[in-house]
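Next come the chains, spelled out residue by residue.
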Amino acid sequence: ASRVSLFFSSYFKMFVCQHNGCGKEYTEEENADNICQFHPGTPIFHEGLKGWSCCKKRFCDFSDFLAHPGCAFGKHTNVKEETDVDPNATLKELAQAPVDRLSLEEKQKAGMLRDGTPKQDIQVTVTKSLETALARFKARKVDTEAYVLKPGQPCTRNACKGVYNDETSNDEDCIHHPGEPVFHEGYKYWSCCSKKKTIDFDEFLGMKGCSTGKHRWVKPAEAKVKKCRYDWFQSEDKVSLTVFAKCIDPEKLVVKANFDSLTIDLVYEDVNKFTLELHLGGKIAPSECSATVSGTNLKLQLSKEEWVAWDNLEFTTNDSNSS
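Residues numbered from 1 in each chain as written. Predicted model: local features only at pLDDT ≥ 70, side-chain atom pairs only at ≥ 80, totals over all residues. Heavy atoms only, no water.

Peer 1: When you look at the sheet that holds strand β19 (residues 254–257) in this model, what are you seeing that I'm missing?
Peer 2: Backbone-to-backbone hydrogen bonds join strands into a sheet, with any given pair of strands oriented parallel or antiparallel. A sheet is described by the order of its strands in space; here five strands give the open sequence β8-β19-β20-β21-β16, paired in mixed fashion. Here the strands that pair on one side only, and so sit at the sheet edges, are β8 (120–121) and β16 (224–225). Note: β19 against strand β20 (residues 261–268), four bridges, orientation antiparallel. Paired with Val 254 across the two strands is Asp 265, which belongs to β20. (Pairing = 2+ DSSP bridges. Helix = DSSP H or I, 4+ residues; strand = E, 2+ residues; numbered from the N terminus.)

Peer 1: Please clarify how the side chain of Thr 242 should be interpreted in this entry.
Peer 2: Along the chain, the position of Thr 242 falls in strand β18 (residues 238–244). Among residues more than four places away in sequence, those in contact with Thr 242 are Arg 229, Tyr 230, Asp 231, Asn 297, Leu 298 and Lys 299. (Contact = heavy atoms within 4.5 Å.)

Peer 1: For this particular structure, what's the right way to read the sheet that holds β18?
Peer 2: Spatial strand order, β9-β22-β23-β18-β17: five strands in an open sheet with mixed pairing. At either end of the open sheet lies a strand with only one pairing partner, and these are β9 (123–126) and β17 (230–234). Pairs of neighbouring strands in the sheet enclose a mean axial angle of 15 degrees, with direction left out of account. The pairing of β9 with strand β22 (residues 290–293) spans four bridges and is classified as parallel. Looking across to β22, one finds that Gln 123 is bridged to Ser 290. (Axes fitted to C-alpha atoms, helices over the stretch in contact; angles between N-to-C directions.)

Peer 1: Looking at this structure, how should I read unusual backbone geometry?
Peer 2: Glycine aside, residues mostly have negative phi angles, and peptide bonds mostly take the trans form. Non-glycine residue Ala 159 carries a positive phi angle of around 75 degrees. Tracing the backbone through its elements, the reader meets Ala 159 in the loop between β10 (153–154) and β11 (163–164).

Peer 1: Before we go on, may I ask you to explain the pairing of β18 in this structure?
Peer 2: Every regular strand shows the same layout, with side chains that alternate between the two sheet faces. Most of β18 sits inside the fold, with five of its seven residues counted as buried. As defined by bridge partners, β17 adjoins β18 across five bridges and the pair is classed as antiparallel. Bridge pairing links Asp 231 to Thr 242 in β18. Hairpin connection between β17 and β18: a loop of three residues separates the two successive antiparallel strands. In terms of strand pairing, β18 meets strand β23 (residues 297–303) through seven bridges, oriented antiparallel. Bridging across to β23, Phe 244 finds its partner in Asn 297. (Buried < 20%, exposed > 50% of the residue type's maximum accessible area, 1.4 Å probe, protein only.)

Peer 1: What am I meant to see in the nonpolar core here?
Peer 2: What tends to happen in soluble globular proteins is that the nonpolar side chains get buried as a cluster. Counting 32 residues, the largest nonpolar core has Leu 262, Ile 264, Leu 266, Leu 298 and Leu 300 as its most contacted members. Sorting the residues of this core by element identifies α5 (128–144), β18, β19, β20, β21 (272–279), β22 and β23 as the ones contributing at least two each. Discounting residues that sit within four places of it in the chain, Leu 300 has contacts with Val 239, Ser 240, Leu 241, Val 255, Leu 262, Ile 264, Ser 290 and Ala 291. Judged by nonpolar contacts, the second largest core, of nine residues, contains Trp 52, Phe 62, Phe 65 and Trp 190. (Core = buried A, V, L, I, M, F, W, Y, C linked by side-chain atoms within 4.5 Å.)

Peer 1: Where do I start with the environment of Lys 119 in this structure?
Peer 2: Looking at the element boundaries, Lys 119 is found in the loop between α4 (101–109) and β8. Here the alpha-carbon distance between Lys 119 and Asn 258, two residues 139 residues apart in the chain, equals 4.6 Å. Here Lys 119 is in contact with Lys 256, Ala 257, Asn 258, Ser 261, Leu 262, Thr 263 and Glu 277, once residues within four sequence places are set aside. For Lys 119, the side chain forms a polar contact with the side chain of Thr 263, separated by 2.5 Å. A polar side-chain atom of Lys 119 sits 3.2 Å from a polar atom in the side chain of Glu 277. (Polar contact = N/O pair within 3.5 Å; in protein donor to acceptor, adjacent residues only side chain to side chain.)

As structure tokens, this is what we get:
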């Protein structure tokens, strides 16, 4: 009788599946073929993107990465797979690849060495037309973003377990991590809790939040990387550069330069992000440069260090006036 009871207790015991991307509870009785949807690969985190080595899709948002359904089917398992496979092995191999020293020397001889001094902020003037355009854009956005919360909707903040039931859910404390997930040298932790680290992925996911606030039921729209058209022309002493983008957010606008390099970071229409890095075709005087942002574009006036004509906006090996 003891053997029979032992058999039934083990047969109907609840297990938690250890497959990546599954994590469901199951019994041996329910554990049929192809009942488990999981990722046979390992998580990969590189340059802000997250994904699984078995799938091509990559995500910027951590919650989207966790919610991505598995790409394989099979039986559940309560045994955690141990693997010596390094998911970033390809990246490491590329980093260790031999460098073509000759090509580097040729580039240096051609004047490709860039100014190493820190870039300084370029003064930006905001016009009335931008203020008007932003006000109109935000008014239209409010009209089109009506959202009805439904029971069962989870909080979108990192590590929060809260679920929306009714309006009383808004009064509950939201315990979450305000920082971002960090994956470095095998360790996993939150940027807001850098002293608490783990090498186990499940333990990382279970880390309790370090901050208390209000639930955020709807995830704010994230900036999407876009390409913007830009154009330039020059006079004897200046280079004029125009980037065409509507409703640029002046609070998120960054314009920096040193003597031969320019960086522009901007967000327009709330969700579109554009970044421009230029190795300029000539030398400029950063302290004498300026920028103006309107409802439809960003205009830069770059003061030349020497009053000579540039062959191109960007440096090429054929340029003779940037050495």
